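Residue-level structure breakdown
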Number of protein chains: 2
Amino acid sequence: MTQVVLVTHGEFGDALLRSAEMIIGPQDGVHSVSLLAGESPEGFGAKLDAALQDVGREDTLILIDLFGGTPYNVAARRVREPHIECVTGLNLPMLIETLMSRDGATAADLAEVATQAGKESVRNLGPLLNK
Amino acid sequence: MTQVVLVTHGEFGDALLRSAEMIIGPQDGVHSVSLLAGESPEGFGAKLDAALQDVGREDTLILIDLFGGTPYNVAARRVREPHIECVTGLNLPMLIETLMSRDGATAADLAEVATQAGKESVRNLGPLLNK
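Structural notes, computed from the coordinates.

Before going further, it helps to examine the pattern of salt bridges. Summed over all chains, the structure comprises eight salt bridges over all chains. The salt bridge partner of A:R57 is A:E81, with a shortest N-O separation of 3.4 Å. Note that A:R57 is positioned in the loop between α2 (41-55) and β3 (60-64) and A:E81 in the loop between α3 (70-76) and β4 (84-88), a separation of 24 residues in sequence. Here A:E85 and B:K131 are joined by a salt bridge, their closest N and O atoms 3.0 Å apart. Here B:K131 lies in the segment after α6 (125-128) and A:E85 lies in strand β4, a pairing that spans two chains. The exposure class assigned to A:E85 is buried, which follows from its relative accessible area of 8%. Residue B:K131 is classed as partly exposed on the basis of its relative accessible area, which comes to 44%.

Written as structure tokens, this is what we have:
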């Protein structure tokens, strides 16, 4: 099963996973790596490497909070590995759709699922409801 | 200044705000309302009403974690109020861009900013980097 690694400024990755589990139940194979206030890129990189070492050579999708900044800069380099994919803009619908689509999906498949779910989840309700 | 209310399953709204503040510094006029495990829609609605009462008649943008589910169902009704707008798919770039664009912006202006920032933040890095 494709592993999922959440990469965030601060600890909202952990909180987001708990929120997803409120909705779809407990999940295996999800890891969260947080950049703490004052932490160096090297310290963060060491934590990410440890998470990826736990995962080994399994297909892995890294979901990153935002494009740019330390978590992105450190994590995005890993996309050169053939078994690792990365998507930015992590939100709850992206995470839930990703976790529910892991059976038989490669990291590349899941990256497409995550991207589509993330983009489609963003809706401005005023115009949508003809306000 | 347009007020911002985060509406989420579980407590990742609070965690997301702390992550945004790591990047752009402390923020005023941001409120977070969490649906806790086992909480009724009525209980959640009462907490949201209390947050909106604190805000009063100021322009208010409600950022909702996902389309559907209790937080959405309870919060989206408020979009009928002329001074309230709602956007779904809350993520960190949406929140940061919203908070940095509040000066002189109405809730409707900010809803557009939030929607565009949210959608543009979702990127699949493999194809983007010609993997």
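We now examine the relation of the copies chain A and chain B. Mapping chain A onto chain B calls for a screw motion: a turn of 180° about the axis and a shift of 0.0 Å along it, with 0.0 Å RMSD after fitting. Both copies of the chain, as the preceding transformation shows, are related through a two-fold rotation axis. With an isologous cut-off of 70% or more, the 100% of interface residues of chain A that recur at the interface of chain B puts this contact in the isologous class.

Attention now moves to unusual backbone geometry. Residues and elements named next belong to chain A. A positive phi is found at N130, a non-glycine position, where the angle reads about 55°. Assignment of secondary structure puts N130 in the segment after α6 (125-128). Residue classification places N130 among the exposed positions, given a relative accessible area of 70%.

Side chains of A:K119, A:R123, B:K119 and B:R123 sit close together on the surface and give a patch of like positive charge. Mapped onto the elements of the fold, A:K119 is located in helix α5 (residues 107-121). A relative accessible area of 34% places A:K119 in the partly exposed class.

Note that B:N91 resides in the loop between β4 (84-88) and α4 (92-100). Of note is the side chain of B:N91, whose polar atom sits 3.0 Å from the backbone nitrogen of B:M94. A polar atom in the side chain of B:N91 sits 2.9 Å from the side chain of B:S121. The contact partners of B:N91, leaving out residues within four places of it in the chain, are A:G89, A:L90, A:N91, B:L16, B:G118 and B:S121.

By size, the foremost hydrophobic cluster in this structure holds 46 residues, and its most contacted members are A:L63, A:L95, B:L63 and B:L95. Leaving out residues up to four positions away in the same chain, A:L63 has contacts with A:V4, A:V5, A:L6, A:V7, A:V87, A:L90, A:M94, A:L95, A:T98 and A:A114.

Each partner contributes to the interface: chain A provides 48 residues, whereas chain B provides 48 residues. When chain A packs against chain B, the two sides together hide about 3,500 Å² of surface, and 65% of this comes from carbon and sulfur. When the buried surface of chain A facing chain B is broken down by residue, A:V122, A:L125 and A:K131 rank first, second and third, together holding 18% of it. Here chain A is connected to chain B by two salt bridges. Where chain A meets chain B, there are 25 residue pairs in polar contact (both at pLDDT 80 or more). Residue assignment for the side of chain A that touches chain B shows that the elements contributing at least two residues are α1 (12-24), α3, β4, α4 (92-99), α5, β5 (123-124) and α6 of chain A. Taken together, the residues of the side of chain A that touches chain B break down into 29 nonpolar, 11 polar and eight charged. In terms of strand pairing, β4(A) meets strand β5 (residues 123-124) of chain B through two bridges, oriented antiparallel. Each bridged residue has a counterpart across the sheet, and for A:T88 the counterpart in β5(B) is B:R123.

Conventions adopted
- Residues numbered from 1 in each chain as written.
- Chains lettered and ligands numbered in written order.
- Predicted model: local features only at pLDDT ≥ 70, side-chain atom pairs only at ≥ 80, totals over all residues.
- Heavy atoms only, no water.
- Salt bridge = Lys/Arg side-chain N within 4 Å of Asp/Glu carboxyl O.
- Helix = DSSP H or I, 4+ residues; strand = E, 2+ residues; numbered from the N terminus.
- Buried < 20%, exposed > 50% of the residue type's maximum accessible area, 1.4 Å probe, protein only.
- Least-squares fit on C-alpha atoms with pLDDT ≥ 70 in both.
- Contact = heavy atoms within 4.5 Å.
- Patch = residues over 30% accessible without salt bridge, like charges linked within 9 Å, V, L, I, M, F, W, Y side chains within 5 Å.
- Areas by Shrake-Rupley, 256 points an atom, 1.4 Å probe, with all protein chains shown as cover.
- Lys, Arg positive; Asp, Glu negative; His and termini not counted.
- Charge placed at Lys NZ, Arg CZ, Asp CG, Glu CD.
- Polar contact = N/O pair within 3.5 Å; in protein donor to acceptor, adjacent residues only side chain to side chain.
- Core = buried A, V, L, I, M, F, W, Y, C linked by side-chain atoms within 4.5 Å.
- Buried area = accessible area lost by both parts, 1.4 Å probe.
- Nonpolar A, V, L, I, M, F, W, Y, C, P; charged D, E, K, R; others polar.
- Pairing = 2+ DSSP bridges.

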